[in-house]
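# Inside the fold
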Amino acid sequence: MDDMIKSYAELPGSKKAFLLQENVPKLLLGNRMYGIDLAYTEVYRTGHVRIIPQFIQYSEDKITYYLENVSHPDIESAMLLYSIPTAHKAMYGLFCKKGDKTYDVMFADEALFKAILFILNEHRENIENPGGDLGLLFEQMRKQNIEALSDLYLSGENIE
């Protein structure tokens with residue numbers, strides 16, 4: 001495990017990693033480490049084989065995972081939803097990779113975190129591309145918001 005972290009620490013530029021097989025999962029962001037609570041984890045290697053890697057690192061659009069202390073570059077898809085407890089509020093993060101697209105976002109909105117978790121856990125079968133393009137998921141959410149706001153506006157009465 002120490003070799004993986006040492007190899008990660010030596011990477012230049014912007015980098016991120018997830019240490020998944022410890023008592024407390026960790027997020028490595030740059031050269032800092034944070035304890036995280038994983039709310040959702042799903043990782044597949046080529047051939048749509050589900051795996052539980054020890055370590056995933058992301059640097060300059062290159063993703064590598066470690067399984068049994070051996071580095072592999074063949075992640076087909078990954079979805080990690082997590083929270084980072086802090087002294088006052090939590091930060092949240094979503095790491096998603098599908099094919100050649102990677103989304104890596106961090107945010108502070110707990111309602112968004114709960115909504116994404118709900119969608120991943122409860123309504124996967126109703127999303128057009130459940131394991132895939134996160135952009136599609138956000139586009140669906142945006143479209144639904146616009147439609148709901150339009151309906152709300154049209155159903156309102158003018159007070160004058």
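Just above, that's the structure.
Residues numbered from 1 in each chain as written. Predicted model: local features only at pLDDT ≥ 70, side-chain atom pairs only at ≥ 80, totals over all residues. Heavy atoms only, no water.

### Quick look at the nonpolar core
- By size, the foremost hydrophobic cluster in this structure holds 16 residues, and its most contacted members are Phe 18, Ile 56, Ile 75 and Phe 95.
- Sorting the residues of this core by element identifies strand E6 (55–59), strand E7 (62–67) and strand E9 (75–84) as the ones contributing at least two each.
- Setting aside residues up to four positions removed in sequence, Phe 95 forms contacts with Phe 18, Tyr 58, Ile 63, Ala 78, Met 79, Leu 80, Thr 102, Tyr 103 and Asp 104.
- Counting 10 residues, the second-largest nonpolar core is a separate cluster that includes Met 79, Leu 81, Cys 96 and Phe 107. (Core = buried A, V, L, I, M, F, W, Y, C linked by side-chain atoms within 4.5 Å. Buried < 20%, exposed > 50% of the residue type's maximum accessible area, 1.4 Å probe, protein only. Helix = DSSP H or I, 4+ residues; strand = E, 2+ residues; numbered from the N terminus. Contact = heavy atoms within 4.5 Å.)

### Section: the side chain of Ser 83
- Looking at where Ser 83 falls in the secondary structure, it is placed in strand E9.
- Leaving out residues up to four positions away in the same chain, Ser 83 has contacts with Gly 35, Ile 36, Asp 37, Met 91, Tyr 92 and Phe 113.

### Some points on the packing of aromatic side chains
- Using the criterion set out here, one finds 7 aromatic pairs in the structure.
- Aromatic pair Phe 18 and Tyr 82: ring centres 5.3 Å apart, planes at 70°, arrangement edge-to-face. Of this pair, Phe 18 sits in strand E1 (residues 15–19) while Tyr 82 sits in strand E9; the two residues are 64 residues apart in sequence, bridging distant segments of the chain.
- Residue Tyr 82 is classed as buried on the basis of its relative accessible area of 0%.
- On the basis of an interplanar angle of 65° and a centroid distance of 5.4 Å, the ring pair of Tyr 58 and Phe 95 is categorised as edge-to-face. Of this pair, Tyr 58 sits in strand E6 while Phe 95 is found in strand E10 (residues 91–98), placing the two residues 37 residues apart along the sequence. No difference in accessibility class separates Tyr 58 from Phe 95, as the two residues are buried.
- A connected cluster of aromatic rings, assembled from ring pairs, spans Phe 18, Tyr 58, Tyr 82 and Phe 95.
- Directly above the aromatic system of Tyr 8 lies the positively charged group of Lys 15, at a separation of 5.0 Å from the ring centroid. (Phe/Tyr/Trp six-rings, centres within 6.5 Å; stacked < 30°, edge-to-face > 60°. Lys NZ or Arg CZ within 6 Å of the ring centre and 35° of its normal.)

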